[in-house]
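Letter by letter, the chains look like this.
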Amino acid sequence: QVQLVESGGGLVQPGGSLRLSCAASGNIRSISVMGWYRQAPGKQRELVASSTSGGSPYYADDVKGRFTISRDNAKNTAYLQMNSLKPEDTAVYYCKAVLRTAFVTWDQTIWGQGTQVTVPS
């Protein structure tokens, strides 16, 4: 069974940094997209950044220049380096992957369990 496990969340003061990790495990053949979403209390889940194999990364406007997504394909892991954090970045951050396993020929979308990021005002 394929799963995503996030880590690296926590409490950080405004202006600080955090690095989130998302590790995919299981019988994975390929991962085409890995992305980070976030959901603040009372708000819809929104895309923060995504990385498509062979493509340019995407960033939401309010994190451009502050967040950086990267991938280690050998480890099936994505990272989100978050700098200059603001109180409005407070949310649960979720990792999503679009991948193919060794047993099927179509893409599957897998979500992680989420990790809390808190930036106090």
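Cut-offs applied
- Residues numbered from 1 in each chain as written.
- Predicted model: local features only at pLDDT ≥ 70, side-chain atom pairs only at ≥ 80, totals over all residues.
- Heavy atoms only, no water.
- Phe/Tyr/Trp six-rings, centres within 6.5 Å; stacked < 30°, edge-to-face > 60°.
- Lys NZ or Arg CZ within 6 Å of the ring centre and 35° of its normal.
- Disulfide = S-S within 2.5 Å.
- Helix = DSSP H or I, 4+ residues; strand = E, 2+ residues; numbered from the N terminus.
- Buried < 20%, exposed > 50% of the residue type's maximum accessible area, 1.4 Å probe, protein only.
- Pairing = 2+ DSSP bridges.
- Axes fitted to C-alpha atoms, helices over the stretch in contact; angles between N-to-C directions.
- Salt bridge = Lys/Arg side-chain N within 4 Å of Asp/Glu carboxyl O.
- Core = buried A, V, L, I, M, F, W, Y, C linked by side-chain atoms within 4.5 Å.

It is worth spelling out the packing of aromatic side chains at this point. Going through the model one piece at a time under the given rule, you end up with one aromatic pair. Across the ring face of Y94, the terminal group of R45 is positioned such that the distance to the ring centre comes to 3.7 Å.

Here the focus is the state of the cysteines. For the coordinates displayed, the defined rule picks out one disulfide. Here C22 engages in a disulfide with C95; their sulfurs sit 2.0 Å apart. Measuring handedness by torsion sign, the sulfur bridge of C22 and C95 sits at about -80° and is left-handed. Taken as a pair, C22 in strand β3 (residues 18-25) and C95 in strand β9 (residues 91-101) lie far apart in primary sequence, 73 residues in all. Judged by its relative accessible area of 0%, C22 falls in the buried class.

Glancing now at the sheet that holds strand β7 (residues 67-72). The four strands are arranged β1-β3-β8-β7 in an open sheet whose pairing can be described as antiparallel. Strands at the two margins of the open sheet, each flanked by one partner only, are β1 (3-7) and β7. Recorded for the sheet is a direction-independent mean angle of 15° between the axes of neighbouring strands. In terms of strand pairing, β7 meets strand β8 (residues 77-82) through six bridges, oriented antiparallel. Residue D72 lies in a different strand from β8, and its bridge partner there is T77.

Moving on: the pattern of salt bridges. Across all of its chains, the model carries six salt bridges by this definition. Note that D61 is salt-bridged to K64, the shortest N-O span being 3.2 Å. The shortest N-O distance in the salt bridge between R100 and D107 comes to 2.8 Å. Residue R100 is classed as partly exposed on the basis of its relative accessible area of 31%. The network of salt bridges with common partners includes R38, E46, D62, R66 and D89.

Attention now moves to the nonpolar core. In this structure, W36, F67, L80, M82 and Y93 are the most contacted members of the largest nonpolar core, which totals 31 residues. Of all the secondary-structure elements, those providing two or more residues to this core are β3, β4 (28-39), β5 (46-52), β7, β8 and β9. With five residues, β9 is the single largest residue contributor to this core.

What follows concerns the environment of S21. Tracing the backbone shows S21 in strand β3. Distance in space between the C-alpha atoms of S21 and P87 is 21 Å, their sequence separation being 66 residues.

Turning our attention to the pairing of β4. The pairing of β4 with β9 spans ten bridges and is antiparallel. When the sheet's bridge partners are listed, G35 is paired in β9 with K96. Pairing of β4 with β5, which is carried by six bridges, proceeds in the antiparallel orientation. Across the sheet, residue W36 finds its bridge partner in β5, namely A49. In this structure, the hairpin formed by β4 and β5 is closed by a connection of six residues, where G42 is found at a positive phi of approximately 75°.

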